[in-house]
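The lines below spell out each chain.
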Amino acid sequence: MTTTPVGPPCSRGPLISAEGLNGVGKTYLTNRAVEALAVKPLMLDEFSQRANGRPGLGEALLSSLRKASAGDPFLRGGTPMAEALTLMAIKRHDLDTVLSDLARGRTVVEGRSVDTTAVCQALLLHPGNMDAALKTAIDLLDLATSYRPLPDLTILVTDDASKALERAQRRDRYVFTGEEADFMRAACELFERLAATDPARYRVVDRRSVDEYEAAEQIRAWIQGAGGALSCLREPWQVPGAACMCCGRLPAAAAA
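Keep in mind it's a predicted model, so treat the numbers as computed, not measured.

**Looking at the environment of Lys26**
With respect to the helices and strands, Lys26 occurs in helix H1 (residues 26-35). Separated by 124 residues in the primary sequence, Lys26 and Leu150 have C-alpha atoms spaced 19 Å apart. Of the polar contacts made by the side chain of Lys26, one reaches the side chain of Thr27; its length is 3.3 Å.

This is the structure:
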C-alpha cells in the first residue's frame, strides 16, 4: 500500500512482504521479478530458508520454536498464542535489522511477514471454523501493529491448493500427512479471504489465471511502483507524537 502522507512524504524506502502457501512459487516468482529490476531491493529471507541460522536474537527465537515444534513444517508446538507472540517478536527483530536500509531509501522485501503468522495461528485457534479464523487473523494483525508497522504492500501468491501441495512435497522431499495437507488447504483459503479484507495493502497473483511469466512481471511492476509518497513509520507504542523511525521527522501537530 502506497500512502499519501499529510505534508511532505518520507524519504524512506517501501517495506514489502511476499506471502503465500508453501509450494505456490512465491520465492521463485519473487526472485524472478527482482532479477528484472535495475535497482535491487534488500531481500529478507523467510523462516524456512534460514536453515543454517544467523547470529542474533531473531534466529535464537526461531531455533527455539523449531525445537518446540519437533519438526512440524508449520512450527506448531501446541501453544498457538505463545507461538504467535514469539513469531511477532521475530518479525519485529527483522524490521530492526533493516531500518537503516529503509532510512537510506532502499526497498526491502520480506519473505513472509506477520500475515503468515496471523493466518496459521488463527487456524490453530479455530480449527474447522473459517469465519472465526478470519476474524481472529484480522485481530492478530491488529495485535501485530503494536509490535511494528505493517508492510506498505503485501504481495500474495496463490494457486490451487492441491498443486501447491504437490510442488511443496516435490521441492522439500517431504510427504505431508493428511492432517498437514488439510491445514495447507485451509491456509490457502484463509489467505485469500484475508487479502480480500484489505485490498489497499494486498496485491494478489493467482496462478490459476496467469502463467509464471505474467506472474513475475506483475510482481516486478508492483515492487517497482511501491515507492513514492510514503508516510513516516512510527513506533506503535509511542504514537501519537513519535518521530519517524526512518527520517526522524515529528508529526506536524507535534512539531508545532
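Having seen it, we continue.
**Remarks on the packing of aromatic side chains**
Counted according to the given criterion, the structure contains 3 aromatic pairs. Judged by centre distance (4.8 Å) and plane angle (50 degrees), the ring pair of Phe74 and Phe183 falls under tilted. Separated by 109 residues along the polypeptide, Phe74 in the loop between helix H2 (57-69) and helix H3 (80-103) and Phe183 in helix H7 (residues 178-196) bring together distant segments of the chain. Counting every residue linked through ring pairs, the aromatic cluster contains Phe74, Tyr174, Phe176 and Phe183. Between Arg76 and the ring centre of Phe183, over which it is positioned, the NZ or CZ distance is 4.8 Å.

**Details of the confidence of the model for the chain**
For the chain, per-residue confidence averages 90 on the pLDDT scale, and residues scoring 70 or more make up 92% of the total. Low pLDDT (under 50) marks residues 1-5, which in the prediction has 17 contacts with non-local residues, meaning those over four places away or in another chain. This stretch, residues 48-52, has a pLDDT under 50; its non-local contacts, to residues over four places away or in other chains, come to 10 contacts.

**Structural notes on the side chain of Arg234**
Inspection of the secondary structure puts Arg234 in the loop between helix H8 (212-224) and helix H9 (252-255). Here Ala242 takes part through its backbone oxygen, which lies 2.7 Å from a polar atom of the side chain of Arg234. Among the polar contacts listed, one links the side chain of Arg234 to the backbone oxygen of Arg249, at a separation of 2.9 Å. Those residues in contact with Arg234, other than ones at most four positions away along the chain, are Pro149, Val239, Ala242, Ala243, Cys244, Met245, Arg249, Leu250 and Pro251.

Basis of the calculations
- Residues numbered from 1 in each chain as written.
- Predicted model: local features only at pLDDT ≥ 70, side-chain atom pairs only at ≥ 80, totals over all residues.
- Heavy atoms only, no water.
- Helix = DSSP H or I, 4+ residues; strand = E, 2+ residues; numbered from the N terminus.
- Polar contact = N/O pair within 3.5 Å; in protein donor to acceptor, adjacent residues only side chain to side chain.
- Phe/Tyr/Trp six-rings, centres within 6.5 Å; stacked < 30°, edge-to-face > 60°.
- Lys NZ or Arg CZ within 6 Å of the ring centre and 35° of its normal.
- pLDDT = per-residue confidence, 0-100.
- Contact = heavy atoms within 4.5 Å.

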